[in-house]
Amino acid sequence: MSYPQPFVDMPQRTDVLLMSPWLAPIVWEGTFNRDILNAQYRQKNLIVGVATFAVKKYVRFIEGFLSSANKFFLSGHRVNFYLFTDHPEKVPSMKLAPEKRLFIIPVQNYSRWQDISMNRMDIISSHIRSRWRYEVDYLYSMDIDVQLFEHIGVEIIDTLVGTISSWQYTKPRENNSYERRPESRAAIPSGEGDFYYAASFYGGSVSEVYKLTTACFKGVTEDRASGIEAKWHEESHLNKYLLYHKPTRLLSPEYYWDEELIRPRIVKVKRLSSVRKDLNEVRF
C-alpha cells in the first residue's frame, strides 16, 4: 500500500487539540488515513453492534437513520443494527448492504420521554449480558433521530469511546451542563470535568460498554430511590462515568453535530447530525 510518509515535525492539524491530557487521541478530519485503518481492521474479522431506540413518535426517524447508516457507517465492514421499538410493524422494509444486518427488538414505551431515555442504559446492559457479548466485538449506542452525511469508519473503534458535545466543546468546565448537585449520583464536583460528552453517540468494546451502562443505570436507580433526577438524565450519568473512567478515544464534534449550530471553520466535515424537529411535538 502506498501512502504519504508521516513526519514527526509536520503535524496534520495545528488548529485543534489532537490528544487529551491522558493521551487519548481526538479524532478530527485530516488526522487519519482511512485506507491504512481499513487494512488493519480487516485482519481482525470483527463485528460492530449499534443499539438505537425508536419509541413512540420517534419511529418516524427510522428510515432516515437506517438508510444513511447503511451507506456511511463502517462501509464494507460487518455491522449488526439492534433497533428497539414499541412499533415493530412500523419499521420500513429496507435492503441493507450484504455485510449489515438489522435486528428488530420489541420494547415497552414509557409515559415520560425522560424515562425512555434513562432506561436505555439498563436495556443495553441486559442485552449485552444475555446476547450481544456472543455476537459482537464492539458496541455503539446512537440516537435514532440523526442522519449520517459523511463516512464514519474504523477510526471510531477503541476500548472506550466518547463524543465531545457540539454544544459545549469550547466552554470552560464551570459553564458545562454537568450535574453539580452533590445529592445526585451523577454529580461532578465544582472545579472538575474534562470534556462534556454527548449521550447521542458513545461506545467501545462490549465489556467496557457493559461496565459503563451498568454503572450509569445503577446511578439512575439510586437517584430515583432518593427522589432525584439528574439534570440531563442518562447523559449526566455518562459524563460522571467518563470523568473517572477516561475514554481511550474521543470523537470530535464532527461525529455529532447539532443542526441548530453554525459550523465553525475547525469542524471541516459534518459526519453525523441531529434531525431538525419540534421536540415538544415528538416527545409528548
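Residues numbered from 1 in each chain as written. Predicted model: local features only at pLDDT ≥ 70, side-chain atom pairs only at ≥ 80, totals over all residues. Heavy atoms only, no water.

Peer 1: Explain the overall build of the chain to me, using residue names and the numbers behind them.
Peer 2: From N to C terminus, the chain includes six helices and 10 strands. On C-alpha atoms alone, the chain measures out to a radius of gyration of 19 Å, which is about the 19 Å that the 2.2 N^0.38 rule sets for 284 residues. Along the three orthogonal principal directions, the C-alpha set of the chain runs to about 55 × 50 × 35 Å. In the chain, which comprises 284 residues, the proportion classed as buried is 53%. Taking contacts inside the chain between residues at least 6 apart in sequence as the whole, the part at least 24 apart equals 75%. (Helix = DSSP H or I, 4+ residues; strand = E, 2+ residues; numbered from the N terminus. Rg over C-alpha atoms; globule rule 2.2 N^0.38 Å. Buried < 20%, exposed > 50% of the residue type's maximum accessible area, 1.4 Å probe, protein only. Contact = heavy atoms within 4.5 Å.)

Peer 1: Tell me about the side chain of Asn239, and name the residues and values.
Peer 2: In this structure, Asn239 sits in helix 5 (residues 234–244). At a separation of 2.8 Å, a polar atom in the side chain of Asn239 contacts the main-chain amide nitrogen of Tyr197. If sequence neighbours within four positions are ignored, Asn239 has contacts with Tyr178, Ile188, Phe195, Tyr196 and Tyr197. (Polar contact = N/O pair within 3.5 Å; in protein donor to acceptor, adjacent residues only side chain to side chain.)

Peer 1: I'd like a rundown of the side chain of His237, residues and numbers included.
Peer 2: Structurally, the position occupied by His237 is in helix 5. In this structure His237 touches Arg185, Ala186, Cys216, Gly219, Val220, Asp223 and Ala230, once residues within four positions along its chain are discounted.

Peer 1: Explain the packing of aromatic side chains residue by residue, including any values.
Peer 2: Within this structure, the stated rule accounts for 11 aromatic pairs. Ring-pair connections join several aromatic residues into one group, and the members of that group are Phe53, Tyr82, Phe84, Phe103 and Trp132. When the ring centre of Phe103 is taken as origin, the NZ or CZ atom of Arg131, which lies over that ring, is 5.0 Å away. The ring centre of Phe149 lies 4.6 Å from the NZ or CZ of Lys270, which sits over that ring. (Phe/Tyr/Trp six-rings, centres within 6.5 Å; stacked < 30°, edge-to-face > 60°. Lys NZ or Arg CZ within 6 Å of the ring centre and 35° of its normal.)

Peer 1: Would you mind going over the environment of Asp86 in detail, with residue names and values included?
Peer 2: Structurally, Asp86 is set in the loop between strand 3 (79–85) and strand 4 (100–106). Between the C-alpha atom of Asp86 and that of Pro106, which follows or precedes it by 20 residues, the distance is 5.5 Å. The residues touching Asp86, leaving out its near neighbours within four places in the chain, are Ala54, Val55, Lys56, Val107 and Asn109. In terms of polar contacts, Asp86 uses its side chain to reach the backbone amide nitrogen of Lys56, at 3.0 Å.

Peer 1: Would you mind going over the sheet that holds strand 3 in detail, with residue names and values included?
Peer 2: Spatial strand order, 1-9-7-8-5-2-3-4: eight strands in an open sheet with mixed pairing. A single partner strand is all that each edge strand has here, and the edge strands are strand 1 (26–27) and strand 4. Looking at chain direction, strand 3 and strand 4 are connected through seven bridges and run parallel. Opposite Asn80, over in strand 4, you have Arg101 as the bridge partner. Of the strands in this sheet, strand 2 (48–54), strand 3, strand 4 and strand 5 (138–142) touch helix 2 (residues 62–72), which is tilted by about 175 degrees from strand 3. Here helix 4 (residues 206–225) sits on the sheet and contacts strand 5, strand 7 (160–164) and strand 8 (197–205); the angle it forms with strand 8, its principal contact strand, is near 135 degrees. (Pairing = 2+ DSSP bridges. Axes fitted to C-alpha atoms, helices over the stretch in contact; angles between N-to-C directions.)

Peer 1: Hey, could you go over the packing of helix 4 against helix 5 for me, with residue numbers and the actual values?
Peer 2: Between helix 4 and helix 5, the least distance of the axes is 9 Å, while the angle of their chain directions is 125 degrees. It follows from the interaxial angle that helix 4 and helix 5 lie oblique. Seen from above, helix 4 lies across helix 5 with right-handed handedness. Seen from helix 4, the contacting residues are Glu208, Lys211, Leu212, Ala215, Cys216, Gly219, Val220 and Asp223; seen from helix 5, they are His237, Leu238, Tyr241 and Leu242. When the residues that make up the contact of helix 4 with helix 5 are grouped by side-chain class, the tally is seven nonpolar, two polar and three charged. (Parallel < 35°, antiparallel > 145°, perpendicular 65-115°, else oblique. Left-handed = near helix turned anticlockwise from the far one by under 90°. Nonpolar A, V, L, I, M, F, W, Y, C, P; charged D, E, K, R; others polar.)

Peer 1: Quick one: what's the story with helix 2, residue by residue and with numbers?
Peer 2: Taking burial as the measure, the 11 residues of helix 2 include eight buried ones, the bulk of the element. All buried positions along helix 2 are accounted for by Ile62, Gly64, Phe65, Leu66, Ser68, Ala69, Asn70 and Phe72. Following helix 2 by one or two positions, Leu74 has its phi on the positive side, about 50 degrees.

Peer 1: If you had to explain unusual backbone geometry to someone new, which residues and values would you point to?
Peer 2: Positive phi is not limited to glycine here, since Leu23 has a value of about 70 degrees. For Leu23, the position within the fold is in the segment before strand 1. The phi dihedral of His233 falls on the positive side, at around 60 degrees, and the residue is not glycine. Structurally, the position occupied by His233 is in the loop between helix 4 and helix 5. Owing to a relative accessible area of 8%, His233 belongs among the buried residues under this scheme.

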